[in-house]
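Residue-level structure breakdown
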Amino acid sequence: MDCVLELLRVIEAGGGPADIAPFLAEDYVLSEAPHLLAPAGAVRNRDEALAGAAAAHEVVSGQRFVVRRTTCEGARVVVEADWTATLLMDLPHWDTGDVIRARIASVFEVSEGRIVSQDSYDCYFTPA
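Given the structure is predicted, the values throughout are model-derived calculations rather than measurements.

It is worth spelling out the packing of aromatic side chains at this point. Counted under the stated rule, the structure contains 2 aromatic pairs. Ring centres of tryptophan 83 and tyrosine 124 lie 6.1 Å apart, and the angle between their planes is 85°; on these two criteria the pair is classed as edge-to-face. Highlighted residues: tryptophan 83 in strand E4 (residues 76-87) and tyrosine 124 in strand E6 (residues 114-125), separated in sequence by 41 residues. Under the relative-accessibility criterion, tryptophan 83 is labelled buried at 10%. Following the ring pairs from residue to residue traces out a cluster consisting of Trp83, Trp94 and Tyr124.

Printed below as a string of structure tokens:
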């Protein structure tokens, strides 16, 4: 579980691809369930996920995770958290400068201290 929570702290600290890469196994796969910003969902390999981390610095700043609950069974770690970030550009439903919020749940598979896979379920709150 430590590598998962450490990864969240690195992201909060503004870490880029070089900071995130050590946490991800070479065969890492990220699967995102459909959500407001990706209605079809997405599946990304390690290189694509790291490229997304680089691009995120152009879209958001000040990412924060308030972990609500974690559980661990064998190599599987589940994290439920409230995520916030400040937008650096306009997106559907939000404007530059808005704080975007989501309730997230992610299921991580860990092997030898590195994350092998992540299944993410993100529920975004839209402005009233």
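From this point, the discussion proceeds with the structure in view.
If you trace the backbone, histidine 35 turns up in the loop between strand E1 (24-32) and strand E2 (42-45). Using a relative accessible area of 11% as the deciding quantity, one classes histidine 35 as buried. Discounting residues that sit within four places of it in the chain, histidine 35 has contacts with Asp122 and Tyr124.

Looking at the largest pocket, its volume works out to about 1,000 Å³. Of all the secondary structure elements, the ones that give two or more residues to the lining of the largest pocket are helix H1 (2-12), E1, helix H3 (46-59), strand E3 (60-73), E4, strand E5 (99-111) and E6. Looking at the lining of the largest pocket, the element that brings in the most residues is H3, giving 9 residues. In terms of residue class, the lining of the largest pocket is built from 25 nonpolar, 8 polar and 4 charged.

Time to look at the side chain of serine 106. Along the chain, serine 106 falls in strand E5. A relative accessible area of 4% means that serine 106 is categorised as buried. Separated by 2.9 Å, the side chains of serine 106 and serine 120 make a polar contact. Beyond its immediate stretch of four places on either side in the chain, serine 106 contacts Val77, Val78, Val79, Gln118, Asp119 and Ser120.

Looking now at the pairing of E6. The pairing of E1 with E6 spans 5 bridges and is parallel. Bridge assignment links glutamate 32 to a residue of E6, and that residue is serine 120. Two strands pair when backbone bridges link them, and E5 and E6 are joined in this way by 11 bridges, in the antiparallel orientation. Note on E6: the bridge partner recorded for alanine 102 is tyrosine 124.

Calculation criteria
- Residues numbered from 1 in each chain as written.
- Predicted model: local features only at pLDDT ≥ 70, side-chain atom pairs only at ≥ 80, totals over all residues.
- Heavy atoms only, no water.
- Phe/Tyr/Trp six-rings, centres within 6.5 Å; stacked < 30°, edge-to-face > 60°.
- Helix = DSSP H or I, 4+ residues; strand = E, 2+ residues; numbered from the N terminus.
- Buried < 20%, exposed > 50% of the residue type's maximum accessible area, 1.4 Å probe, protein only.
- Contact = heavy atoms within 4.5 Å.
- 1 Å grid on protein atoms, 1.4 Å probe; cavity = no way out; pocket = protein on both sides within 12 Å on 5 of 7 lines; lining within 4 Å.
- Points joined across faces, edges and corners; volume = space filled by probe spheres on them.
- Nonpolar A, V, L, I, M, F, W, Y, C, P; charged D, E, K, R; others polar.
- Polar contact = N/O pair within 3.5 Å; in protein donor to acceptor, adjacent residues only side chain to side chain.
- Pairing = 2+ DSSP bridges.

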